[in-house]
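Letter by letter, the chains look like this.
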Amino acid sequence: MLEMNEYARVTQRLYNKSLILESPSDFHPVLYFYFTDALAHIDFTATILAYNPMSPRNIMSMEYMRWRLDQERVGDRVHFPGFINWLKAEHPEIYEELPMLWTGIYDTDDPAQYRSFRIVLNPDERGPIQAEYLSMFIDEFFEPAFIKQLYKNSSLARLFDEYAAARSV
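Described in the following lines is the structure provided in the data block. None of these values were measured; they are calculated from a predicted model.

Description of the pattern of salt bridges
Here comes step 1: Counted under the stated rule, the structure contains nine salt bridges.
Here comes step 2: The closest approach of N and O atoms between Glu63 and Arg66, which form a salt bridge, is 3.1 Å. With Glu63 and Arg66 both in helix 3 (residues 56-71) and three residues apart, this pair spans about one turn of that helix.
Here comes step 3: Looking at Glu63, the relative accessible area reads 42%, which means it is partly exposed.
Here comes step 4: The exposure class of Arg66 is exposed, given its relative accessible area of 52%.
Here comes step 5: Between Lys88 and Asp107 there is a salt bridge, and its shortest N-O distance comes to 2.9 Å. On the criterion of sequence distance, the pair formed by Lys88 in helix 4 (residues 80-90) and Asp107 in the loop between helix 6 (100-106) and strand 1 (113-115) is long-range, its members being 19 residues apart.
Here comes step 6: Several salt bridges converge on common partners, so that one network encompasses Arg13, Lys17 and Asp139.

Put into structure tokens, the structure is as follows:
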């Protein structure tokens, strides 16, 4: 039997997480979309490095990722990237508490981005993202304090709603 590579261990780390003690139906819809979207990008980045690119797992991920491109333009979701930059300027203490993946990808001053659905922290580097970064991203998204901010009545959700309402007028 082949030994599991470091990226397969990252996928196991992700798949062992659970929201069983939470109520995702009470999460803010936009924050929840970007939460699950970030998890999908982590999953895609890790599995493309852990398994054959044409494995059923990777094919399914690619189908989701193509679908999500249109979904991020639905409703108030379009305001999320601007919201992250607004938090950085107007509420730096809240911005600093956000998961590093969100602040890296959506901060216009940070070179990190999603490229072909993979997480790329520095576009000038040609090697794959280190597995340790992916593990850290996973842990940040499942921190209890962060999960509490995903709920509709959280301070982060209220700030987002205010931000989106001001831009939708």
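So, the nonpolar core
Here comes step 1: Phe80, Trp102 and Phe141 are the most contacted members of the largest nonpolar core, which has 45 residues in total.
Here comes step 2: Elements with a minimum of two residues in this core: helix 1 (6-15), helix 2 (29-50), helix 4, helix 6, helix 7 (131-141), helix 8 (144-148) and helix 9 (155-168).
Here comes step 3: The greatest single-element share of this core, amounting to 10 residues, is contributed by helix 2.
Here comes step 4: Not counting chain neighbours up to four residues away, the residues in contact with Phe80 comprise Val30, Leu31, Tyr34, Trp102, Tyr106 and Phe160.
Here comes step 5: With five residues, the next largest nonpolar core counts Ala40, Phe44, Ile48 and Phe117 among its residues.

Rules used in this analysis
- Residues numbered from 1 in each chain as written.
- Predicted model: local features only at pLDDT ≥ 70, side-chain atom pairs only at ≥ 80, totals over all residues.
- Heavy atoms only, no water.
- Salt bridge = Lys/Arg side-chain N within 4 Å of Asp/Glu carboxyl O.
- Helix = DSSP H or I, 4+ residues; strand = E, 2+ residues; numbered from the N terminus.
- Buried < 20%, exposed > 50% of the residue type's maximum accessible area, 1.4 Å probe, protein only.
- Core = buried A, V, L, I, M, F, W, Y, C linked by side-chain atoms within 4.5 Å.
- Contact = heavy atoms within 4.5 Å.

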